[in-house]
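The lines below spell out each chain.
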There are 2 protein chains.
Amino acid sequence: MKLRSTLMAAAALLSFSFASSSTIAQETYTLTLAETWGPNYPILGDTNRSLKAMVEKMSKGRLQIRIDSSNRHKAPFGIFDMVKAGQYDMGHTASYYYKGKLPNTMFFTTVPFGMTAPEQYGWFYFGDGMDLAQKVYEPHNMLSFPGGNTGVQMGGWFREEIKSIEDLQGLKMRTPGFAGEVMSDIGVAVTNIPPGEMYTALERGTIDALEWVGPALDLPMGFHRISKFYYGGWQEPSAELQWLINEDSWNKLPEDLQETLRVAMRTAAYDMYIQTTHMSGEAWSRMQEEHPDVEFRTFPDEVMDALRASTEKLLAEMAEKDPLSREIIESQAEYLQKVRPWTNIADRAYLNNSTIE
Amino acid sequence: MKLRSTLMAAAALLSFSFASSSTIAQETYTLTLAETWGPNYPILGDTNRSLKAMVEKMSKGRLQIRIDSSNRHKAPFGIFDMVKAGQYDMGHTASYYYKGKLPNTMFFTTVPFGMTAPEQYGWFYFGDGMDLAQKVYEPHNMLSFPGGNTGVQMGGWFREEIKSIEDLQGLKMRTPGFAGEVMSDIGVAVTNIPPGEMYTALERGTIDALEWVGPALDLPMGFHRISKFYYGGWQEPSAELQWLINEDSWNKLPEDLQETLRVAMRTAAYDMYIQTTHMSGEAWSRMQEEHPDVEFRTFPDEVMDALRASTEKLLAEMAEKDPLSREIIESQAEYLQKVRPWTNIADRAYLNNSTIE
């Protein structure tokens, strides 16, 4: 935290007679924030700009946030290390980017065949999610907070229709992270390609398929112009971003500003889920109008069953290796078993009765 | 707003040397809040207690909220009038309770066959919802903010299975509000009974069916002990509560405290949606374990079609009568047409692939 050793003098505009004017001496705190995203990145970056605006207005400028995008700090996947070391007070990233360094970070973003966004927020805020995240991040001198949800991510863009598990075997697909491991386990030739090169790779046939996010962020990438089949998601039913905060920086804040920051993060995270819903709605509706040849598909049951079995196998391997992994996996599985039957009779039943397609 | 003409003297704990001690003079504001609910009402009342805790901590006590439950103010459905008159600074209620007084209030709670909670929050915060709400409430000297969502409400408890539209005709059912009008339009003998008398009425056969909320609030009422069929919802896919704030009270608050209140309301409202998801999950799972004879059903297609047709007819009648009604109805319908196809390929497709029942 860059503590400004200056006083912010604010004239207290008191309306009653015996205190017509006064001076308030208050300390100003500036938190530096490194985001994984480039400057002005839609949705993901909007979330930080909205957080900054809220805390600065609520605190009347006593708490400031200075945002550095990846063009400044040059380390989009170095947020974990930079915040841990105190190089930045806080960061905005996705927990599962650090799975290679710390496998248990993965669970706080999303898990294939796992919870939807409202279910996962339930686990975080009314179940054991926040405590378990703290168990993972505390040894690294950091606090972790949910940082915005993309909702159900799409299964990806495919040039050819997938009719059987054989159609996937040997297929060259860009799909990173744990979903990539699962895809690889069932025979997909998984490859990782930086976002900036994905379009060209798909166009030239270097890859046959790719997975990005959903309509709001996929439409600007133009994949629908070179691939026709848009598959439903299984791999990231509720990708939650995160804010990491250096514990020393957090502890230096007075309690009122800690709460101001906590509540603003909570609102900004929920807002991102709603903003994604809104923008995906607009983008998918535009895509359907302008590119009626794009076809939505879901994978055949045998593919889904194979992906589910591989997911369970890989999770069981993680649980074997580490007691904390097991604790998190079991907590998520139990929560899902309890909440999903409700989602089924509420949201699923309602949506299945919808006459709007 | 009860403005305390006292100064809150807070010792400023400044850590740097040249300002070791100081006194901050600050004004304290106390907002009085009347809630429709009785004292300590679960979920709905929790939302106000959570709001109070957040604003008081964030403002370091400068903004206080004093909550009066219905046992104190004796006017659970008088919130609109009391806040309008400035008798209370703010209230927590449901907009559609005031449909008899002001028909356009109805649309800001929920509409049969309308938007789900994330869709509706999209309409409020990223579409035209907030502006349209202001058009309705401004002439009454009030601001209106979303106040927490129950998610999809269940269609109700029925002693007998509904196999056709004839089974509903003449059936005595407790179902209030606009859904009651729709039910009445297709031939149900609709009756309104205060919550405290519902159980007895159903047990004695004074009514054959009733609609309340969902598992979290239905389970404590015990309806599952005297009726076996639990029907999926169509009438309130996303009931949103609301905070009403007297405009003069709002204008007296300094900008930082307005923003503190706005952000806290936004978080508390979202949180209620998640808390309901959590508690409904727990309650439905308990109900299934302890009362395996309870059966979930959805109405047959011909019933759904009739309910949908009646809903559209009644909405069209409202649109005929008032240009602002038409504007709101059209805004909601357009938003739904745009966002639902996305919900279908995202959430619906994902949930339909779930193997958890």
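Every chain is numbered independently, its residues counted from 1 as its sequence is written. Labels follow written order: the first chain is A, the first ligand is 1, and so on. Local features in this predicted model are restricted to residues whose pLDDT is 70 or higher, and side-chain atom pairs enter the listing and the counts only when it is 80 or higher, whereas totals over whole chains, interfaces and linings include all residues.

Asker: Honestly, the interface of chain A and chain B in this entry has me stumped. Any pointers?
Answerer: By a frequent convention, interface size equals the accessible area lost on bringing the separate parts together. Each residue gets a C-beta atom placed from its backbone, and two residues are in contact if those atoms lie within 7 Å. Counting residues at the interface gives 76 residues for chain A and 76 residues for chain B. Listing elements by their share of the side of chain A that touches chain B, those giving two or more residues are strand S1 (2–11), strand S2 (23–35), helix H1 (44–58), helix H4 (117–125), helix H11 (255–290) and helix H13 (323–352) of chain A. For the side of chain A that touches chain B, the element with the most residues is H11(A), which contributes 21 residues. Its residues assigned to classes, the side of chain A that touches chain B comprises 35 nonpolar, 26 polar and 15 charged. Helix numbers and strand numbers start at the N terminus; a helix is a DSSP run of H or I with at least 4 residues, a strand a run of E with at least 2. Gly counts as polar in this scheme, as do all residues outside two lists: the nonpolar Ala, Val, Leu, Ile, Met, Phe, Trp, Tyr, Cys and Pro, and the charged Asp, Glu, Lys and Arg.

Asker: Is there a simple way to think about the relation of the copies chain A and chain B in this case?
Answerer: Think of it as a corkscrew move, a rotation about one axis and a shift along it, taking one chain copy to the other. After a rotation of 180° and a shift along the axis of 0.0 Å, chain A superposes on chain B with an RMSD of 0.0 Å. Such a turn and shift between the copies fits a two-fold axis. An overlap of 100% is found between the interface residues of chain A and their copies at the interface of chain B, pointing to a shared contact surface. All copies are superposed by least squares; the fitting set is the C-alpha atoms of residues with a pLDDT of at least 70 in both.

Asker: I'm lost on the sheet that holds strand S9 (residues 209–210) of chain B in this one. Help?
Answerer: Think of a sheet as strands paired side by side through backbone hydrogen bonds, with each pair either parallel or antiparallel. All names here are of chain B. Taken in spatial order, the six strands make up an open sheet running S8-S7-S9-S6-S10-S12, and their pairing is mixed. Edge positions in the sheet fall to strand S8 (189–191) and strand S12 (295–297), since each has one partner strand and no second. With two bridges joining them, strand S6 (residues 156–158) and S9 adopt antiparallel strand pairing. Note on S9: the bridge partner recorded for Phe158 is Ala209. A pair of strands is considered paired only if DSSP assigns at least 2 bridges between the two.

Asker: Explain the domain arrangement of chain A to me, please; I cannot follow it from the model alone.
Answerer: Residue and element names in this part refer to chain A. Boundaries between domains were set according to an automatic or database domain assignment. Taken domain by domain, chain A consists of domain 1 (2–8 + 29–149 + 238–278) and domain 2 (153–235 + 292–322). Taking the mean C-alpha position of each, domain 1 and domain 2 sit 28 Å from one another. The interface is formed by nine residues belonging to domain 1 together with 13 residues belonging to domain 2. Broken down by class, the residue content of the side of domain 1 that touches domain 2 amounts to seven nonpolar, one polar and one charged.

Asker: I keep staring at the sheet that holds strand S9 (residues 209–210) of chain A and nothing clicks. Help me out?
Answerer: Taken in spatial order, the six strands of this open sheet run S8-S7-S9-S6-S10-S12 (chain A), and their pairing is mixed. Bordering the open sheet on either side are strand S8 (189–191) and strand S12 (295–297) of chain A, each of which pairs with just one other strand.

Asker: Whenever I open this one, the packing of H4(A) against helix H11 (residues 255–290) of chain B confuses me. Can you help?
Answerer: Packed helix pairs are specified by the crossing angle of their axes together with the interaxial distance, meaning the distance between the axes. The geometry of H4(A) relative to H11(B) is characterised by a closest axis approach of 9 Å and an angle of 90° between their N-to-C directions. Classified by the angle their axes make, H4(A) and H11(B) are roughly perpendicular. For the pair H4(A) and H11(B), contact is made by Pro118(A), Glu119(A), Tyr121(A), Gly122(A) and Tyr125(A) and by Asp271(B), Tyr273(B), Ile274(B), Thr277(B), His278(B) and Gly281(B), respectively. Partitioning the contact of H4(A) with H11(B) into residue classes produces five nonpolar, four polar and two charged. Axis geometry follows a simple rule: fit a line to the C-alpha atoms, using only the stretch in contact for helices, then measure angles between N-to-C directions, giving values from 0 to 180 degrees. Each angle receives one of four descriptions, namely roughly parallel if under 35 degrees, roughly antiparallel if over 145, roughly perpendicular if within 65 to 115, and oblique otherwise.

Asker: When you look at the pairing of strand S4 (residues 90–93) of chain A in this model, what are you seeing that I'm missing?
Answerer: The side chains of a regular strand alternate between the sheet's two faces. Residues and elements named next belong to chain A. Side chains Met90 and His92 project from S4 onto one buried face, and the interleaved Gly91 and Thr93 project onto a second face that is buried too. Pairing between S4 and strand S11 (residues 240–246): four bridges, direction antiparallel. Pairing of Met90 across the sheet is with Ile245, part of S11. Exposure classification rests on a simple neighbour count of other C-beta atoms within 10 Å of a residue's own: a residue reaching 20 or more is buried, one at 12 or fewer is exposed, and one in between is partly exposed. C-beta atoms are placed from the backbone.

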